[in-house]
Amino acid sequence: MSNYKEIFVKTDKCTGCLTCKIACAVEHSETKSLFSAIRESPRPVSRVYVEWLPGNAKVPVLCRHCEEAPCLNACISGAISRSDTNAVITDAGKCIGCWTCVMVCPYGVIGRDQTLAKAFRCDRCPDREIPACVGACPTQALVYETVDGFSKTKRKTVSRELLTREGA
Amino acid sequence: METRYLIVGGSAAGMAAAHTIRKKDKTGAITVLSDEDTLPYFRPMVPYILTGKKQVPDIALSGTGIFVQPRIDVRTGTIVTSVDPVAKILTTASGKTWSYDKVLFATGSRPYLPETVKGLDSPGVFSLKTVADAAAMAQRSRNTDHVVLLGGGILNLKAAFALLEKKIKVTLVVHSPEVLSQLMDPEDAFLIRKALDRAGLKIMTGCSADHVVTDADGVCAVALDNGTQIPCRMVCVGKGVIPNTECVRGSAITVDKGILADPFTACSVKDTFAAGDVAVTHDPATGEKTVTALWTNAVDMGICAGLNMAGIPTRYTGTLGIMNATQVAKEPFVAMGRVHTKGRDLETHIDKTDTTYRKIVFNKEGTRLVGALFIGDITHAGMYRYVIREKKPIDRIKSHLIRHTLHYGHFM
Amino acid sequence: MTSETPFQHLTTDPAVQQMLAKAKENHISTVWDRYEQMLPQCGFGETGLCCRHCLQGPCRINPFDPGAETGICGANADVMVARGLDRAIAAGTAAHSGHAKHLAHTLLKMARGQAKDYKITDPVKLKKVAARLHIAVDGRADTDIALDVAKAALADFHEKDTPVLWAAGVVTPGRVEVLSKLGLVPKGIDHEVAEIMHRTLYGVDADPVNLLLGGLRCSVADLAGCYMGTDLADILFGTPTPLASQANLGTLKKESVNIALHGHNPVLSEIIVKVAGEMADEAVAAGADRINVVGICCTGNELMERHGIPSCTHSVSQEMALVTGAVDAMIVDYQCIMPSVASVAECMGTKVITTMDICKITGAEHIDVKEETAAENARQAILQAIAGFKKRKNKPTHIPALTNTVVAGFSTESIVAALSKLNAKDPLAPLADSIKSGNIKGVCLFAGCNNVKIPQDINYTKIAAKLLKENVLVVATGCGAGSLMRHDFMDPAKTRDLCGNGLFAVLNAIGEANGLGGPLPSVLHLGSCVDNSRAVEITVALANYLGVDINQMPVVASAPEPTSEKAVSIGTYAVAAGLPTHVGVMLPVMGSALVAKVLTQTVKDLTGGYFIVEPDPDKAADMLLQALNDRRKGLGLV
């Protein structure tokens with residue numbers, strides 16, 4: 001099992017405030033500050049998406065950095081690679097904007113910069129200890145954990161819930 | 001005993017297989033025999049060699065993406081002429097023989113040159129497939145201000161744009177009523193056609209080349225079947241490809257258009273595999289046998305073949321006969337699965353605006369998504385591909401598919 | 001000895017630092033804790049790109065999503081931001097003028113004999129105000145004049161034949177002309193607030209510039225509310241004259257019944273001070289040495305400027321007064337009272353007493369205070385405090401041994417009076433001459449609050465220190481005054497160290513001439529936040545004296561740590577009045593490049609004033625100095 005940290009989504013905690021989207025765009029801006037990023041041209045864009053489901057569920061969606069990543073196999077220009085920290089990253093310098101990665105991504109999380117003809121996606125914020133979206137999430141709907149750590153926490157929560165239920 | 005893997009063909013399928021094998025088998029000997037003189041490269045990047053925007057080393061496979069495994073012995077300029085799959089021996093053009101434990105045929109395809117058009121063997125007639133083609137075209141293009149391209153498929157469109165970038169006038173001669181006829185119905189293509197016209201491509205549809213007119217310097221014109229002649233010093237043929245099956249012909253390996261591969265990428269003889277453009281596989285959208293010529297499919301199938309060769313039985317999920325994403329003249333588009341609906345009994349939904357065109361195709365019962373075509377806005381295309389390929393039940397998501405509001409949340 | 005404390009990044013006030021340590025020890029959640037928990041704050045709110053004005057919403061425009069450029073109704077970022085800002089201005093206006101209206105009702109009831117606990121304390125001011133309103137004064141009884149003034153005040157709230165008199169009558173003639181030309185003269189204070197609510201409603205005004213002009217007009221109504229508040233408070237409770245007092249948490253006394261009066265309006269606090277003076281025996285009987293009334297926020301300023309009541313603390317550190325464990329009752333009226341005081345009080349075993357119908361807090365005790373029964377109500381509240389003292393007296397307290405000397409009580413009247421000691425015939429001449437000569441480079445008004453996002457007081461003290469050295473005359477109101485007083489800027493003993501030579505010479509001359517045996521304090525305390533009107537009054541007087549309009553005067557304003565929407569409306573009327581106005585916290589307008597540009601640039605061509613948004617205090621000081629120099633140049637001064 002991978003010892004690298006990943007971004008996990010707890011949809012039940014998402015309030016749909018889109019703070020993650022703003023934090024992501026700011027982190028991927030030149031100036032890295034909200035008030036100046038807003039004036040940059042081109043405007044930085046977010047790589048996190050928050051979808052909505054009937055019943056008012058909010059679903060943050062972002063690159064899963066798949067173990068068997070279809071985009072990594074599909075790229076026709078050698079722009080997509082796996083980083084030292086196991087993230088699947090797109091090298092904008094090599095990307096030619098053919099959108100093959102967009103065509104094969106089953107999560108729909110690869111964005112397109114139409115002007116520059118470059119694909120972009122979550123890069124897990126390589127310059128930060130914790131990705132910007134995770135750091136910004138006010139409800140901890142986004143967590144940065146190893147797969148192991150995440151399932152342990154989940155197990156704990158579940159067993160706590162069970163205990164409470166049994167105790168009651 | 002270490003396994004000796006032999007891979008014939010050093011492009012997408014072959015190299016994907018080689019790197020996949022190395023991931024699973026750290027000790028076996030992996031040898032790739034490539035008929036090209038260049039080390040493996042990203043073939044779809046060839047137009048960039050023609051424009052001069054990239055040099056051959058810039059587009060090398062090695063060290064990028066999935067092509068990062070060590071100890072893969074690539075022999076360039078090695079043309080395999082025959083195989084004895086029972087004795088497990090290959091013979092090359094130089095007369096050298098190679099014995100192996102397992103072999104993969106990933107010999108790819110080559111441009112189809114219609115015999116009906118005379119003179120396609122003249123100097124100045126090209127197909128843009130290899131870096132060698134690109135170099136030769138670049139050379140010839142210096143003395144040319146007009147190129148006639150035969151065929152209106154993606155490869156020719158890419159070649160046309162590469163030439164336009166070099167300030168060379170281009171005329172496309174397209175037999176079909178519209179460009180990209182392999183990927184969409186003529187009426188689907190109007191946005192792309194508009195963009196192509198805007199970009200300065202001259203496109204003549206509904207006519208074909210009759211023959212190539214030559215003089216001492218090779219090509220000097222193309223004569224059309226409507227009686228007209230277009231003067232030009234260069235011709236580029238893009239009328240599809242045919243699988244390179246020559247080296248297995250006469251052997252015990254079954255060939256039918258391409259090399260037949262079973263769902264586990266295996267050929268009719270033991271320890272023999274096929275992948276990529278040369279392999280005949282099946283289309284999950286139509287269920288029919290199919291041969292495709294797409295980098296992405298070739299890589300996928302190569303990976304699958306690599307796993308099977310390394311002893312990990314892996315079923316190949318098949319390739320959509322039609323599957324392509326690209327951007328021409330700043331117009332992005334994706335075509336997947338069954339997109340030709342004209343005269344067919346299919347449930348089709350078309351939604352168009354000034355800048356976007358979307359066609360969503362279900363089977364005639366409307367119970368399964370079988371095709372999708374997006375032009376202008378290709379957002380979430382991958383999710384449609386997933387639904388088509390995995391034959392996902394659509395009862396809960398059908399309206400989202402039609403209205404283009406599908407997102408990952410709907411799969412949760 | 002200065003020791004490093006772990007709370008320096010939160011506050012620069014050492015007394016507050018001590019209390020933060022105490023709060024931490026006792027697990028008391030403070031505003032700083034809650035701020036940290038609130039982070040990250042929503043970028044849509046921060047940039048003004050969130051709208052809840054209709055039930056189809058909430059809408060937010062993601063500035064980084066090119067596909068979503070409008071809200072559901074079609075309002076774009078400019079409209080959304082302008083509407084939001086307008087509503088903030090309207091809220092601020094409603095608050096200041098609500099405060100003034102409360103005073104007007106009190107004056108009216110007093111004049112009608114229905115509020116026996118109130119009287120006309122400054123008949124001179126009454127007549128001055130009446131004259132400005134063209135109300136006959138000769139030969140009339142004060143109460144009759146007061147009745148007419150109160151009626152005129154109340155009439156200024158609604159639309160009527162005349163414009164708002166407290167606006168049109170208090171600025172320079174040139175300013176009246178500018179405002180009239182732009183359509184910025186308010187018709188009625190409440191009318192303007194209501195009209196902002198109307199035009200920012202779903203589907204009304206969708207022209208961002210038109211919206212901003214509406215906001216400017218509403219802010220002029222806010223000036224009227226402030227001005228009226230000052231006028232009426234001075235009439236009822238006296239116009240401030242210089243006096244000495246003390247500030248900071250050390251003003252709480254372990255052995256006394258400590259009553260902290262918090263909020264804004266002197267209508268209640270004045271009576272508490274008076275009644276507390278009469279109840280000393282009851283306090284002594286309970287084992288206390290006396291009743292010690294201290295102020296918090298603008299109530300503190302109102303009481304300090306008129307009675308020298310000490311100011312305990314201000315704004316963001318209001319909870320800290322309770323953390324001392326020494327407050328026996330916190331009696332509040334309205335505005336800037338963090339609801340959290342009720343829970344901190346509960347932790348400390350003390351009480352918060354609310355007194356106003358419109359401001360109740362769950363967990364606090366409520367005593368409904370009416371002008372008709374004010375003294376009785378006050379007595380009731382003070383008894384609660386005495387009871388609180390009895391419970392508390394044997395328990396330990398943690399009062400920081402820190403107080404600051406303050407000389408306060410500067411009003412237009414008291415400043416002119418002080419100046420007249422230098423030139424009895426022409427009192428403004430010494431000030432005007434000092435400005436002309438460059439002894440005084442200009443004037444800067446500090447107003448506003450503390451803001452939890454900024455280490456408490458750091459922007460005030462850094463900017464003021466720099467400006468004083470550059471010989472800028474600094475005046476302060478509200479929690480800006482509170483901030484500077486807690487860092488010795490109002491201690492005359494520090495004037496020499498703080499001021500440049502030119503400014504010191506002027507302050508010293510005035511002080512000596514008035515028999516103080518030394519200079520005035522380096523920063524002049526003009527009172528509470530409604531008393532920003534005093535700054536306007538002095539500026540107008542000086543402008544008229546010099547024969548120029550306000551937009552030519554070397555006068556700037558700064559709200560370096562604003563929190564309340566009242567700071568937004570004050571800042572806006574400073575801009576409408578023609579002043580370069582610094583704001584040290586990002587206004588929620590960055591989501592619209594257009595609105596940001598109008599506020600910081602375009603408006604300059606209209607009113608001459610403009611916003612300077614700069615969080616960095618050093619840069620802000622330089623920008624304010626630059627603005628003053630530009631103005632001096634415009635007047636042909638070096």
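Look up: the structure comes first, before these words.
This one's a predicted model, so the numbers in the text were calculated from it and none came from an experiment. (Residues numbered from 1 in each chain as written. Chains lettered and ligands numbered in written order. Predicted model: local features only at pLDDT ≥ 70, side-chain atom pairs only at ≥ 80, totals over all residues. Heavy atoms only, no water.)

**Re the interface of chain A and chain C**
At the interface, 21 residues of chain A touch 18 residues of chain C. Of the roughly 1500 Å² buried at the junction of chain A and chain C (both faces included), carbon and sulfur atoms supply 70%. Area buried by chain A at its contact with chain C is led by Ile 22, Phe 35 and Arg 39 of chain A, which between them contribute 38% of it. Applying the counting rule to chain A against chain C returns zero salt bridges. Our count for the contact surface shared by chain A and chain C stands at three residue pairs in polar contact (both at pLDDT 80 or more). The set of elements that each furnish at least two residues to the side of chain A that touches chain C consists of helix H1 (19-27), helix H2 (34-37) and helix H5 (132-136) of chain A. In terms of residues, the side of chain A that touches chain C owes the most to one element, H1 of chain A, which gives five residues. (Contact = heavy atoms within 4.5 Å. Buried area = accessible area lost by both parts, 1.4 Å probe. Salt bridge = Lys/Arg side-chain N within 4 Å of Asp/Glu carboxyl O. Polar contact = N/O pair within 3.5 Å; in protein donor to acceptor, adjacent residues only side chain to side chain. Helix = DSSP H or I, 4+ residues; strand = E, 2+ residues; numbered from the N terminus.)

**Describing the interface of chain B and chain A**
Interfaces are often sized by the amount of accessible area the parts lose when they come together. Chain B puts 38 residues into the contact, and the matching count from chain A is 32 residues. Together chain B and chain A conceal approximately 2700 Å² of surface at their shared face, both sides included; 62% is due to carbon and sulfur atoms. Among the residues of chain B in contact with chain A, Gln 327, His 407 and Tyr 408 of chain B are the three that bury the most area, contributing 17% of the side total. Scanning the region where chain B abuts chain A turns up one salt bridge. Note that Arg 112 of chain A and Asp 377 of chain B form a salt bridge whose closest N and O atoms lie 3.1 Å from each other.

**What about the sheet that holds strand E12 (residues 472-477) of chain C?**
Residue and element names in this part refer to chain C. Pairing is parallel in the open sheet, where six strands are placed in the order E13-E12-E11-E14-E15-E16. At either margin of the open sheet sits one strand with a lone partner, and together these are strand E13 (523-527) and strand E16 (610-613). Averaged over all neighbouring strand pairs, the angle between strand axes comes to 25°, with direction disregarded. As paired elements, strand E11 (residues 442-446) and E12 share five bridges and run parallel to each other. Bridge pairing links Cys 444 to Val 474 in E12. (Pairing = 2+ DSSP bridges. Axes fitted to C-alpha atoms, helices over the stretch in contact; angles between N-to-C directions.)

**Some details on the pattern of salt bridges**
In total, this model carries 55 salt bridges over all chains according to the counting rule given. A salt bridge links Arg 4 of chain B to Asp 101 of chain B; the shortest N-O distance between them is 3.2 Å. A residue pair is termed long-range when its members are at least 10 positions apart, and Arg 4 of chain B in strand E1 (residues 4-8) and Asp 101 of chain B in the loop between strand E6 (97-99) and strand E7 (102-105) qualify at 97 residues. Where Arg 140 of chain C meets Asp 148 of chain C, a salt bridge forms, and the shortest distance between an N and an O atom there is 2.7 Å. Taking relative accessible area as the criterion, Asp 148 of chain C reaches 25% and is therefore assigned partly exposed. Where salt bridges share partners, they join Lys 125, Lys 128, Arg 132, Asp 231, Asp 234, Glu 302, Glu 305, Arg 306, Glu 413, Asp 531, Arg 534 and Glu 537 of chain C into one cluster. (Buried < 20%, exposed > 50% of the residue type's maximum accessible area, 1.4 Å probe, protein only.)

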